[in-house]
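# Topology and contacts: notes
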Amino acid sequence: MKKAYLFFIMLMPLVSFFACTSHPPADGSDSSEMDVNTPRWAGEIPPADIIWGVGSAFDEKQSDAMRTAEKRGRESVGRMLRAYTSDVFKRYTDVPQDALEDINGKITQAPFDEAAAILRWKAPNGVWWYRVEYKKADARAFLSGIFDEEEELFPEFDATRAMQLLDPRMAGEDIPFQTGAEQSDEEVDAPRL
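Overview of the structure.

### Topic: the pattern of salt bridges
- Taken as a whole, this structure holds 11 salt bridges when the rule is applied.
- The salt bridge partner of R140 is D167, with a shortest N-O separation of 2.8 Å. Of this pair, R140 sits in helix 5 (residues 136-153) while D167 sits in helix 6 (residues 159-170), and the two are 27 residues apart along the sequence.
- The class of R140 is partly exposed, set by a relative accessible area of 36%.
- Owing to a relative accessible area of 30%, D167 belongs among the partly exposed residues under this scheme.
- One salt bridge in this structure joins D174 and R169, with 3.2 Å as the shortest N-O distance. Considered together, D174 and R169 belong to a single accessibility category, that of buried residues.
- Three or more residues are tied together by salt bridges with common partners; here these are D87, K90, R169 and D174.

### Quick look at the packing of helix 3 (residues 62-91) against helix 6
- Contact pair helix 3 / helix 6: the axes reach a minimum separation of 9 Å and the direction vectors enclose 125 degrees. Relative to helix 6, the element helix 3 lies oblique. The handedness of the crossing between helix 3 and helix 6 comes out as right-handed. In this structure, helix 3 contributes Y84, D87, V88, F89 and R91 to the contact, and helix 6 contributes R161, A162, L165, L166, R169 and M170.

Cut-offs applied
- Residues numbered from 1 in each chain as written.
- Predicted model: local features only at pLDDT ≥ 70, side-chain atom pairs only at ≥ 80, totals over all residues.
- Heavy atoms only, no water.
- Salt bridge = Lys/Arg side-chain N within 4 Å of Asp/Glu carboxyl O.
- Helix = DSSP H or I, 4+ residues; strand = E, 2+ residues; numbered from the N terminus.
- Buried < 20%, exposed > 50% of the residue type's maximum accessible area, 1.4 Å probe, protein only.
- Axes fitted to C-alpha atoms, helices over the stretch in contact; angles between N-to-C directions.
- Parallel < 35°, antiparallel > 145°, perpendicular 65-115°, else oblique.
- Left-handed = near helix turned anticlockwise from the far one by under 90°.
- Contact = heavy atoms within 4.5 Å.

Below, the structure written as C-alpha cells:
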C-alpha cells in the first residue's frame, strides 16, 4: 500500500505539469505569429492632445503597400472622428437624420492632410504598418467648420451645443483604430479606456 501511495504522490506533480501547460488555440491559429506580424505600437494610447490612426496594407509592390497603409492610417483618423460625433449625437437627440448623414459623409471624404505619418514598419509577413498623428486642435477646428456648415443647412442644428458635447468626448483617451483592407469602410465605435 505504501508503494502505491508513494507512486501516486510522485505521479501527481507530473500530471499537474501537463494539465497546466498551454494548448494551441482551438481554431488552429498561432497567436505568437499574430504578435510577430503586428507592431508593438499598434495599440498604444496617444498623448492627450493627439489622435493616432493605424493602417496596414500588403501589396507585391512595396511602394503601393506603403502608400495604401498610410492612406488607411488617415482613414482610421476619420473613423475615430465619426465615432466621436456618433457619441455626441447619441446625447444630442434632436439632430435631423440628414444632418448626421451629411456630417459623416464630410468626415469620410476628408483627406486629413494635416495627419503626419510618424511611424512605419514592415512585418515579417510583408504587411506594411503606418501610424499617423492628427492633432486634436486640428480635429476640433475641422469638426467646428462642419458643424457651422450644418447649422446653415439645418436651422434646428446648434453648432455651439454640438461642440460643447464634443469637447468632453475628445478629452478622453482612445486606442487608435487599426484599419486594414477588411476594415477601411466599417463604422465602429471607438475603443475607449
